[in-house]
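Each chain, letter by letter, is given below.
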Amino acid sequence: MSESVAEVLRAEGLVKTHHGEGAPAHAVRGVDLRVTGGEFVAITGPSGAGKSTLLHLLGGLQRPDAGSLWLDGERTDGYSEARWAVERRKRIGIVFQFFNLVSDLSVADNVELPALLAGVAPRKARAGREELLTELGLEGKERSMPGELSGGEQQRVALARALVNHPPLLLADEPAGSLDSKGTREVMRLLSRFHRRGQTILLVTHDARLASAADRVISFFDGRIADDAELDGGTPPRRAGTSGVLELRD
Ligand SMILES: Nc1ncnc2c1ncn2[C@@H]1O[C@H](COP(=O)(O)OP(=O)(O)OP(=O)(O)O)[C@@H](O)[C@H]1O
Ligand SMILES: [Mg+2]
């Protein structure tokens, strides 16, 4: 069963139909996916393709109508909501387009909270928070409230919060989708940096340019994987004059 490289995520036959006001939306129509430790996978595709739905299924934020899911080799699709909440704290970090920070908690508390909820001792949670905020260039912002920060700063706080428990898997849904080009570069540079240190990342983006920072790109179309390709070298592109390629290196 177990290969030399750990399988962080495995999905088989995932299906999800949304039943809203209008006609049912067949958002995910049978997805098989394996992600191994250390991979940086981008899922790209047009609006409405089902990318966010897929990410939500993988993170247990929504339940599949059919299919199976494994995290670190352990079957998770039978988990209760409560169990998922616990597992997410420890094993999955999630970053969204609009940060989803707790607006009436300070930056420090936003980052420490998941650690405390996971049972980490307060002193250790604090040390982890300090290290991450420094790493992400947010020292001095600990006491700020999220509303006092720029979008890019808020997203870095969200990244710190997602990573504070050192989850084996980071799920990011359009993490730069509401940022300007500077904020976008910042977030992508940080994702690349964590990836180089071994962080497994699944990034959803409709922006093919951002997807090129990954070492594997999945094209998602109409609820299905249309293409799944390794990128050469797996290294992020360098800035080439004004070509529009993002500078992602430190
Ligand atoms: N909660 C919901 N209720 C009803 N329909 C939904 C719901 N969430 C998503 N859908 C529908 O499911 C389909 C896939 O949506 P999804 O958000 O997964 O797409 P996406 O690829 O993330 O798009 P975008 O790039 O715009 O974020 C769309 O047709 C959408 O309208
Ligand atoms: Mg989406």
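Starting from 1, residues in each chain are numbered consecutively following that chain's sequence as written. Think of it this way: whatever chain is written first is A, whatever ligand is written first is 1, and the rest follow in order. It should be noted that, the model being predicted, local features are given only for residues of pLDDT at least 70 and side-chain atom pairs only at 80 or more, the latter also being counted only at that level, while totals for whole chains, interfaces and linings use all residues. The basis for the side-chain values is all heavy atoms of the structure; hydrogens and waters are excluded.

Chemist: I would appreciate a short explanation of the overall build of the protein chain in the present structure.
Modeler: Note on conventions: DSSP H or I runs of at least 4 residues are helices, E runs of at least 2 residues are strands, and numbering of each starts at the N terminus. The helix and strand inventory of the protein chain stands at seven helices and 10 strands. Rg of the C-alpha trace for the protein chain: 18 Å, near the compact-globule value of 18 Å for 250 residues, within the 12% margin. Projected onto its principal axes, the C-alpha positions of the protein chain cover 50 × 45 × 45 Å. For every residue, the accessible area obtained with a 1.4 Å probe (protein chains only) is divided by the maximum for its type, and the residue is called buried under 20%, exposed over 50%, and partly exposed between those limits. Burial status across the protein chain gives 49% buried among its 250 residues. Taking all contacts inside the protein chain whose residues are at least 6 apart in sequence as the whole, residues at least 24 apart take part in 69%. Only the protein chains shown count as covering a residue, and every accessible area follows the Shrake-Rupley method with a 1.4 Å probe. Accessible surface, the protein chain as shown: approximately 11900 Å² in total, 50% of it carbon and sulfur. Two residue types count as positive, namely Lys and Arg, and two as negative, namely Asp and Glu; His and chain ends fall outside the count. To locate a charge, the coordinates of NZ of Lys, CZ of Arg, CG of Asp or CD of Glu are taken. The positive charge centre, built from 32 side chains, and the negative charge centre, built from 35, are 3 Å apart in the protein chain. Note that the radius of gyration is over C-alpha atoms, with the globule rule given as 2.2 Å times the number of residues to the power 0.38. Every residue pair with non-hydrogen atoms within 4.5 Å of one another is taken to be in contact.

Chemist: Quick question: what am I supposed to make of a nonpolar patch on the surface here?
Modeler: On the surface, V102, L113 and L117 cluster together into a nonpolar patch covering about 220 Å² of accessible area. Locating V102 in the fold gives a position in the loop between β6 (92-95) and α3 (107-117). Nonpolar side chains (Val, Leu, Ile, Met, Phe, Trp, Tyr) are joined into patches within 5 Å and like charges within 9 Å, using only residues with over 30% relative accessible area and no salt bridge. A pairing counts as a salt bridge when a side-chain nitrogen of Lys or Arg comes within 4 Å of a carboxyl oxygen of Asp or Glu.

Chemist: How do you make sense of the site of ligand 1 when you look at a structure like this?
Modeler: Only heavy atoms are used to decide nearness, and a residue is near a molecule or strand if one of them lies within 4 Å of it. Surrounding ligand 1, one finds H18, A25, A27, P46, S47, G48, A49, G50, K51, S52 and T53. We define a polar contact as two N or O atoms separated by no more than 3.5 Å, with the added condition that, inside protein, one atom must be a possible hydrogen donor and the other a possible acceptor, whereas residues neighbouring each other in sequence contribute only through side-chain atom pairs. The separation between an oxygen atom of ligand 1 and a polar side-chain atom of S47 is 2.5 Å. S52 places a polar side-chain atom, nitrogen or oxygen, 2.8 Å from an oxygen atom of ligand 1. Out of a free accessible area of 630 Å², ligand 1 has 59% covered by protein chains. Breaking the shell around ligand 1 down by element, the ones donating at least two residues are β2 (25-36) and α1 (51-58). Residue contributions to the shell around ligand 1 peak at three residues, all from α1. Of the residues contributing to the shell around ligand 1, the split by class is four nonpolar, six polar and one charged. Note on residue categories: nonpolar means Ala, Val, Leu, Ile, Met, Phe, Trp, Tyr, Cys or Pro, charged means Asp, Glu, Lys or Arg, and polar means any other residue, Gly included.

Chemist: Explain the environment of A108 to me, please; I cannot follow it from the model alone.
Modeler: Within the secondary structure layout, A108 lies in helix α3. In this view, A108 contacts R129 and E142; residues no more than four positions away in its chain are not counted.

Chemist: Sorry, what's going on with the packing of aromatic side chains here?
Modeler: Aromatic ring pairs: the centre-centre distance and the angle between the two ring planes describe each pair. A pair of Phe, Tyr and Trp rings is counted when the ring centres sit within 6.5 Å of each other, with Trp represented by its six-membered ring. The angle between the planes then sorts it: under 30 degrees is stacked, over 60 is edge-to-face, the rest tilted. Under the counting rule described, the total for this entry stands at one aromatic pair. Where Y79 meets W84, the ring centres are 5.5 Å apart and the plane angle is 70°; that geometry is what we call edge-to-face. In this structure, R75 packs its charged tip against the face of W70, placed 5.2 Å from the ring centre. By the criterion adopted, a ring carries a charge over it if an Arg CZ or a Lys NZ lies within 6 Å of its centre and within 35 degrees of its normal.

Chemist: Help me understand the sheet that holds β2 in this model?
Modeler: Paired through backbone hydrogen bonds, the strands of a sheet run either parallel or antiparallel to each other. Following DSSP output, two strands are said to pair if at least two bridges run between them. Pairing is antiparallel in the open sheet, where four strands are placed in the order β2-β1-β4-β5. This sheet does not close on itself; its edge strands, each paired only once, are β2 and β5 (74-75). Axis definition: a line fitted to C-alpha atoms, limited for helices to the stretch in contact. Angles are taken between N-to-C directions and run from 0 to 180 degrees. Of the strands in this sheet, β1 (7-18), β2 and β4 (66-71) are in contact with α1, which crosses β1 at around 125°.

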